[in-house]
Amino acid sequence: MIALVWVAPLMAQDAARPPAAGETTVVNGERIRVEAPVVVVGEQPGPGMWIVRKGGHDLYLFGTLTPLPMRMQWQAKQLKAVLAQAQEVIRLRGVSFEVKVGFFKGLFLLPKLLGARKSPDGKELKDLVAPNAYARWLAMKARYIGSDRGIERWRPLFAAQELYLQAMKKNGLEMRDVVWPVVEKAIEEHHPVVTVVGEPIVITDPKPLLVEWSKTTLDDLACFDNTMHYIETDLDAMRARANAWSTGDIAALRRLPPVARWDACNDAISEAGIGKRLGYGDARRSIDAKWLAAAETALGRNAVTFASLPLDRMLGANGYLAQMQARGYTVIAPDTVEDDAEAAASE
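For the structure given in this document, a descriptive report is provided here. Small disclaimer: the values here were computed from a predicted structure and weren't measured. (Residues numbered from 1 in each chain as written. Predicted model: local features only at pLDDT ≥ 70, side-chain atom pairs only at ≥ 80, totals over all residues. Heavy atoms only, no water.)

**Examining helix α5 (residues 156–170)**
Here comes step 1: Between its terminal C-alpha atoms α5 stretches 21 Å, which fits the 21 Å expected from 15 residues at 1.5 Å a residue.
Here comes step 2: Positive phi appears at G172, one or two residues downstream of α5, with a value of about 75°. (Helix = DSSP H or I, 4+ residues; strand = E, 2+ residues; numbered from the N terminus. Expected span 1.5 Å × (residues − 1).)

**Let's talk about the packing of aromatic side chains**
Here comes step 1: One pass over the structure, following the stated rule, counts five aromatic pairs.
Here comes step 2: On the basis of an interplanar angle of 40° and a centroid distance of 5.2 Å, the ring pair of F62 and W74 is categorised as tilted. You can see F62 sitting in strand β5 (residues 57–64) and its partner W74 sitting in strand β7 (residues 72–74), a full twelve residues away along the chain. Like W74, F62 is buried.
Here comes step 3: Ring centres 4.7 Å apart and planes at 15° place the aromatic pair W291 and Y320 in the stacked group. Of the two residues, W291 is situated in helix α12 (residues 280–301) and Y320 in helix α14 (residues 320–326); the sequence distance between them amounts to 29 residues.
Here comes step 4: Judged by its relative accessible area of 0%, W291 falls in the buried class. (Phe/Tyr/Trp six-rings, centres within 6.5 Å; stacked < 30°, edge-to-face > 60°. Buried < 20%, exposed > 50% of the residue type's maximum accessible area, 1.4 Å probe, protein only.)

**A word on the pattern of salt bridges**
Here comes step 1: Per the counting criterion, the structure on display carries 13 salt bridges.
Here comes step 2: In this structure, the salt-bridge partner of D234 is R241, at a minimum N-O distance of 2.7 Å.
Here comes step 3: Owing to a relative accessible area of 9%, D234 belongs among the buried residues under this scheme.
Here comes step 4: Among the salt bridges present, the one from D335 reaches R254, with a minimum N-O distance of 2.6 Å. Of this pair, D335 sits in helix α15 (residues 334–346) while R254 sits in helix α9 (residues 250–255), and the two are 81 residues apart along the sequence. (Salt bridge = Lys/Arg side-chain N within 4 Å of Asp/Glu carboxyl O.)

What follows is the structure, encoded as structure tokens:
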């Protein structure tokens, strides 16, 4: 059932599109051609951490981002130093599907899971999406996927997901998680308390759900269209954000347009009959309150706590940092810490 969930950033804001590669723009009265940013490679320091503080207790927050440069090796020195001191690690798992079946039962279900991506009644994308959207799809498919006929029988949501992943790959980007493996290794070495914030949806008999899913029509045309729009307009910003994260350029991360908004794709799952019956939408909405409660509890009992969060959930007027600040906590940004250290060194 995990294959039924769109794996992508969940929160962002609309922003004006920056000039794309190949376009021209005016800078200081001169017209210049905008070139695509080159994706960084090799060892990179990554971003610094935010600190949420009350009294002598600190919560270190590490902002994660996807996609990241494919050939970047992250050093993670600062993170390892903080994890060596942390009494507690808060892990945001979000909504997850836990299928409680034996190995052999799961093996027999595999063909059904793989078939879950296909459209009901054998319909193809050309039968499901608007003609202009399908024309855009064909052009982008030729560029990023190639002549794959099988994908034409997928639901629009899953076809869009595959297009997005392949577009990232062709642009030197990937959706890998570079942070949690480092955290997991530190947990094994230093043994902090681990608090998991999540909403598991336990499924004991997936067979009838898969049958129901195979007959369910999703309202996923907006997801399909929006995903193609993001690929058409946001690739340069994706590369720039990935570079800024890799090199630790916090000012650039603040300045760049926020990551794409995936509400239409998430709603296609949560608002479908099967999604509502499983409580997927309600589970998503409860995560923020659970994380904030866990963070406040940890700050009350630990000198040092660590947590990682997607940057788009941390920052902004309604982000977790703003909410912690509104509750009376001091929030210290990574570049503020760096400025203070440089000032102290110069005295």
